[in-house]
Amino acid sequence: SGGGRLLANAATVFERAIGCDLVYCPGATASNTGDYIAKQGVPPSKFDLFWPEMLRHVPDNSVNFFYSFIAFQHMDSVDTVTEYLRQIQRLSRERNMSRIFCGRSDSQGPHVREASGDGTFDVTFKCSPDWFVSNVRLLGGDVIRIDHTPPKRVWDPRSVSVSGQFMVDFRFQK
């Protein structure tokens, strides 16, 4: 839920919004996020907060729209990405739309790079748009649009490190 920023906005647009963090992080609580959302003036009746293992309690075919701006880039494995796509498939109402942004790699296969250092949860998952689209299609998804955001230099313009992402709009037929 990105600290609740996206969830707070979604709760003002939709009848009810559901936010799901990628992993359970000690010190990060639904209460903290809920407090942030409440400070934005959103009543608790307008949103739900979940950890991944709680998604199984959300009924099949009950979600109208999925949106992820930066979360997929922090997933820790191909299996995690695949599981979230399966959950989107399971939870999607007929002909809903999903919009997912993902870190772009120029290589065909996906790769995961764990950050070194202080041990906080910081992982970079990147894949090619073709890889992501093929996995959506393997689960029966119809790709509506792919937008390739051009790469940009990260932090220092002299750096050789580049960052880029792509966006995929898709839906699952039921």
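Before reading on, note that the structure itself is shown above.
Model, not experiment: these values are computed from the prediction.

### Re the pattern of salt bridges
Next up, step 1: The final tally for this structure, using the stated rule, is four salt bridges.
Next up, step 2: Note that R99 and D169 form a salt bridge whose closest N and O atoms lie 2.7 Å from each other. Here R99 is found in strand β4 (residues 92–104), whereas its partner D169 is found in strand β10 (residues 165–172), with 70 residues between them in sequence.
Next up, step 3: Owing to a relative accessible area of 24%, R99 belongs among the partly exposed residues under this scheme.
Next up, step 4: According to the relative accessible area criterion, D169 is buried, its value standing at 3%.
Next up, step 5: Taking the shortest distance from any N to any O, the salt bridge between R145 and D147 comes out at 3.7 Å.
Next up, step 6: Take D147: its relative accessible area is 29%, and that puts it in the partly exposed class.

### A short note on the side chain of S98
Next up, step 1: For S98, the position within the fold is in strand β4.
Next up, step 2: Look past the residues within four positions of S98 in its chain and what remains in contact with it is F66, I88, V168, D169 and F170.

### What about a nonpolar patch on the surface?
Next up, step 1: Taken together, L6, V13, F14, F65, Y67, F69 and I70 make up a surface patch of nonpolar side chains, about 630 Å² in accessible area.
Next up, step 2: Those elements that place two or more of their residues in the nonpolar patch are α1 (5–13) and β3 (63–68).
Next up, step 3: Checked against the element boundaries, F65 lands in strand β3.
Next up, step 4: Taking the relative accessible area as the measure of exposure, F65 reaches 32% and is therefore partly exposed.

What counts and what doesn't
- Residues numbered from 1 in each chain as written.
- Predicted model: local features only at pLDDT ≥ 70, side-chain atom pairs only at ≥ 80, totals over all residues.
- Heavy atoms only, no water.
- Salt bridge = Lys/Arg side-chain N within 4 Å of Asp/Glu carboxyl O.
- Helix = DSSP H or I, 4+ residues; strand = E, 2+ residues; numbered from the N terminus.
- Buried < 20%, exposed > 50% of the residue type's maximum accessible area, 1.4 Å probe, protein only.
- Contact = heavy atoms within 4.5 Å.
- Patch = residues over 30% accessible without salt bridge, like charges linked within 9 Å, V, L, I, M, F, W, Y side chains within 5 Å.
- Areas by Shrake-Rupley, 256 points an atom, 1.4 Å probe, with all protein chains shown as cover.

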